[in-house]
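Here is what each chain is made of, one letter per residue.
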Amino acid sequence: LVLLREGRAEFWAPDPAKYNDPARAPVFYNRYMARNRTISTLVLSAFSELKGGPLVVCEPLSATGIRGIRYALETKAVERLILNDISSQAVDLIKKNLELNGLSAEVYNEDANILLRRLGRQCDVVDLDPFGSPAPFMESAFQAIRDGGMLCATATDTAVLVGNYKDKALRRYGVRLFKTPFYVEVGLRALLGYIARVAAANDFAIEPLIAYWERHYFRVCVAVREGAREASDVLRRGLAYIVYLGGIRRVARRETAHSLGPLWVGPLGEPDLVARLPRPQEDRSAVELLNTLTAEYTTVSPWYYLSQEFGDLKMEVRELIDLLLSNGVYATPTHMAPYGFKADAPYGELYLILSRDIGRWQL
Ligand code: SAM
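Throughout, residues of each chain are indexed from 1 in the direction in which the sequence is written. Owing to the predicted nature of the model, reporting of local features is limited to residues with pLDDT of at least 70; listing and counting of side-chain atom pairs is limited to 80 or more, with chain, interface and lining totals taken over all residues. With hydrogens and water excluded, all non-hydrogen atoms of the structure serve as input to the side-chain values.

## A word on helix α3 (residues 88-100)
Thinking step 1. Over its 13 residues, α3 extends 18 Å from the first C-alpha to the last, a length consistent with the 18 Å expected when each residue adds 1.5 Å.
Thinking step 2. The buried label goes to any residue with under 20% of its type's maximum accessible area, the exposed label to any with over 50%, and the partly exposed label to all in between, with areas taken from a 1.4 Å probe on protein chains only. Labels follow the DSSP assignment, with helices taken as runs of H or I lasting at least four residues and strands as runs of E lasting at least two, numbered in each case from the N terminus. Among the residues making up α3, those that are buried are Ala90, Val91, Leu93, Ile94, Asn97 and Leu98. End-on view of α3: buried residues confined to an arc of 165°, all on one side of the axis. Within α3, the exposed residues directed more than 90 degrees away from the buried face are Asp92 and Glu99.
Thinking step 3. Two residues qualify as a contact provided that any one of their heavy atoms is within 4.5 Å of a heavy atom in the partner residue. Turning to α3, the residues buried within the fold contact β2 (9-13), α2 (66-74), β4 (78-84) and β5 (106-108).
Thinking step 4. Capping the start of α3 is the job of one residue whose side-chain oxygen sits 3.3 Å from the backbone nitrogen of Gln89: Ser87.
Thinking step 5. At the exit of α3 stands Gly102, carrying a positive phi of roughly 65°. One less than the residue count of a helix, multiplied by 1.5 Å, gives the span that helix is expected to have. To be clear, the arc concerns the directions from the helix axis to the C-beta atoms. Pairs of N or O atoms are called polar contacts if they sit within 3.5 Å, as long as, within protein, a hydrogen donor faces a hydrogen acceptor (for residues adjacent in sequence, only side-chain-to-side-chain pairs).

## Points about the site of the ligand
Thinking step 1. Neighbouring the ligand are 20 residues, the closest being Arg37, Glu59, Asp85, Ala112 and Asp129.
Thinking step 2. Between the ligand and Asp85, the relevant distance is 2.6 Å, taken from an oxygen atom to a side-chain nitrogen or oxygen of the residue.
Thinking step 3. Relative to its free-state accessible area of 610 Å², the ligand is covered by the protein chains to the extent of 89%.
Thinking step 4. The class makeup of the residues in the shell around the ligand is ten nonpolar, three polar and seven charged. Whether a residue is near a molecule or strand depends on its heavy atoms: it is near if one of them lies within 4 Å of it. All accessibility values rest on the Shrake-Rupley procedure with a 1.4 Å probe; residue burial counts only the protein chains present in the view. Only Asp, Glu, Lys and Arg are considered charged, only Ala, Val, Leu, Ile, Met, Phe, Trp, Tyr, Cys and Pro nonpolar, and every remaining residue, Gly among them, polar.

## Remarks on the sheet that holds strand β9 (residues 217-226)
Thinking step 1. For two strands to be treated as a pair, DSSP must find at least two bridges joining them. Spatially, seven strands are ordered β5-β4-β3-β6-β7-β9-β8 in an open sheet, and the strand pairing comes out mixed. Looking at which strands have only one partner, the edges of the open sheet turn out to be β5 and β8 (204-214). Across the sheet, the axes of successive neighbouring strands diverge by a mean angle of 15°, strand direction being ignored.
Thinking step 2. Pairing analysis gives two bridges linking strand β3 (residues 55-59) to strand β6 (residues 123-128), with the strands arranged parallel. Note that in β6 the partner of Cys58 across the bridge is Val126.
Thinking step 3. Angles run from 0 to 180 degrees between N-to-C directions of axes, and those axes are lines fitted to C-alpha atoms, restricted for helices to the stretch in contact. Along the sheet, helix α1 (residues 34-51) makes contact with β3, β4, β6, β7 (145-155), β8 and β9, crossing β7 at roughly 170°.

## So, the packing of α1 against α2
Thinking step 1. Across the interface, α1 lies against α2 with an axial gap of 10 Å and an inter-helix angle of 40°. On the basis of the axis angle, α1 is oblique to α2. By crossing handedness, the relation of α1 to α2 is classed as right-handed. Of α2, the residues touching α1 (which contributes Ala34, Asn36, Arg37, Thr38, Ser40, Thr41 and Leu44) are Ile66, Arg67, Arg70, Tyr71 and Glu74.
Thinking step 2. A class-by-class count of the residues in the contact of α1 with α2 yields four nonpolar, four polar and four charged. These descriptions rest on fixed angle ranges, namely under 35 degrees for roughly parallel, over 145 for roughly antiparallel, 65 to 115 for roughly perpendicular, and the rest for oblique. Each helix crossing is assigned a hand: it is left-handed if the near helix lies turned anticlockwise from the far helix by less than a right angle, otherwise right-handed if that turn is clockwise.

## Section: the pairing of β6
Thinking step 1. Of all six residues in β6, six are buried; the element is thus mostly enclosed.
Thinking step 2. Inspection of the sheet shows β6 paired to β7 by five bridges, in the parallel sense. When the bridges of β7 are listed, Leu128 appears paired with Ala153.

Printed below as a string of structure tokens:
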């Protein structure tokens, strides 16, 4: 074990230098997830302010405990912290790390599904941070969460969610997918669509607060409200298919040829909430990410475009967006692709605007 620091926490973890693949270490710790934990800490804090008080927070897949420990140390959001891991080695380490940070928490050594079901409706926040897919724990999470709570989930099975493994996407998430130029957004929306359906099966409606992607994972935090009618309304408005063919995209209420889905087609996040999150100045790329998310959550189209879909444009994405804006088309950058942009206009309209410009640049 080595003593590490992350945020305000100090904690023991298997030496990252010794275990290239953290999944092979006796207890899991992935330092490349630090930004995920930092952003989650900010979201938890903002959510508790929104709710007007501290919360019961359960992290049923805790490993070293670093996530829950940072929540307790860095926010005023935690009234009761429930940590758990199926590995007894992890549980020993969680206890040691809690003590090191002068914190107390309930620590369990159970299967996450059993713990969540046993807890019943006691949790304001359930944070699922598993190996791979959160799907095996989703149903139980909606048994543990109470009205007005928040569900957070990380998914590292990004290849499945973006449509690289069609059969697996259908089995695990109940979605038909194929690869598109906007595959990162398809992945986020497949995950959110799945969460919305499991929530609805348990009479909960979801409202995404933040949803984003980084190279190796998807992360979403959704507010949940109990109510059968609201759950049905959200499903009706929020779930649909995206038809994609030859650059053209459209939303369809029913499955058709060339359609992906069902996918979440509602907002990916709350721009006002993300705008208000304090910017972690020590992590410039987290600041950039939060700024981009704030902008792109103000668009409505459930996809992005890549600049190369419009030919060989000799323009920076920023210039391209300015050109669209000056032509009356609302557009923003997207964190999901460096050469991508969000735009609330059909492909054909964008093509007309941009192709005029191609002409100008090629002359
Ligand atoms: N949340 C941690 C963090 O931020 O560092 C990382 C969690 S790690 C990706 C997943 C953990 O889930 C592992 O420690 C593993 O032992 C535990 N786990 C796997 N299956 C489980 C189950 N069915 N119930 C409870 N814990 C489980």
